[in-house]
Amino acid sequence: MRIPRRRHTMGGLLPRAISREGIELEQHVREGRFQQQLAVAAGLAALLSGLEALYSHYKNNFTYRKLQWSPILLTPLMMAAGIGTVSSRAAARTVLPVASVLCLLDGSIGSFFHLRGVWRRPGGLKLPLYNTIYGPPVFAPLLFAASGFMGVLASLLRRSR
C-alpha cells in the first residue's frame, strides 16, 4: 500500500496542515477571510506604532520638524481603513490601499530622518553604538512602514463574498 505524500501549498513554504481549530490557512486565503484579518492586524499595528511615535515625539516637544506629526495624523486613517475593511468592500478597494501606501512612504521617510539623526549626534559615525542607543530609534519608523506593508498586502488579497 502506497502512502500519499503530504501536499504543500503556497510554493511549498507552508504545509497544508497549518490550521487553527481545523480551518486551514489556505482556505482562509481562498475564501477571502484572510484579507479582513490582515487588514485588522495592519490597523492595530499602526495604532501601536502611532502611539509609540506620539509618546516619543511628544517627549521631544515636536521640536525638530513638523514632519514628526505625520505618523500621528496617519494612524487614525490606517486604523479606520483596516477596521473598515471588515464591514465594507469599498473600503478594502479604495481607502485601505491609499492609507497603506501613505504609511509605507511615511515610515520610509521617517527611517531616513532617524538614521540621519543618529549620524548627526556628537561623535557621528565614530561612536555608532552609543549614538544608535541614545539617538532616535532607528527601527521605530520601520514598524510603522510594516503596518503599511501589511495593509498593501491585504488590499491585494481576495475579498470574501
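As a starting point, this report considers the structure included with it. (Residues numbered from 1 in each chain as written. Predicted model: local features only at pLDDT ≥ 70, side-chain atom pairs only at ≥ 80, totals over all residues. Heavy atoms only, no water.)

Topic: the packing of helix α2 (residues 33-59) against helix α7 (residues 140-156)
Then comes step 1: The contact between α2 and α7 brings their axes to 8 Å, and the two run at 160°. The pairing of α2 with α7 is recorded here as roughly antiparallel in orientation. For the element pair α2 and α7, the recorded crossing hand is left-handed. On α7, the residues touching Gln35, Leu38, Ala39, Ala41, Ala42, Ala45, Ala46, Ser49, Gly50 and Glu52 of α2 are Ala140, Leu143, Phe144, Ser147, Met150, Gly151, Leu153, Ala154 and Ser155. (Axes fitted to C-alpha atoms, helices over the stretch in contact; angles between N-to-C directions. Helix = DSSP H or I, 4+ residues; strand = E, 2+ residues; numbered from the N terminus. Parallel < 35°, antiparallel > 145°, perpendicular 65-115°, else oblique. Left-handed = near helix turned anticlockwise from the far one by under 90°. Contact = heavy atoms within 4.5 Å.)

Section: α2
Then comes step 1: Look at α2: 40 Å from first C-alpha to last across 27 residues, which is about the 39 Å you get at 1.5 Å a residue.
Then comes step 2: Looking at the buried side of α2, the elements it contacts are α3 (70-87), α4 (89-93), α5 (95-120) and α7.
Then comes step 3: Following α2 by one or two positions, Asn61 adopts a phi angle in the positive range, close to 60°. (Expected span 1.5 Å × (residues − 1).)

A closer look at the packing of aromatic side chains
Then comes step 1: Summed over the entire model, instances satisfying the criterion amount to 2 aromatic pairs.
Then comes step 2: Where Tyr130 meets Tyr134, the ring centres are 4.8 Å apart and the plane angle is 45°; that geometry is what we call tilted. Separated by 4 residues within a single helix, Tyr130 and Tyr134 lie in helix α6 (residues 128-134), roughly one turn from each other.
Then comes step 3: For Tyr130, a relative accessible area of 44% corresponds to the partly exposed category. (Phe/Tyr/Trp six-rings, centres within 6.5 Å; stacked < 30°, edge-to-face > 60°. Buried < 20%, exposed > 50% of the residue type's maximum accessible area, 1.4 Å probe, protein only.)

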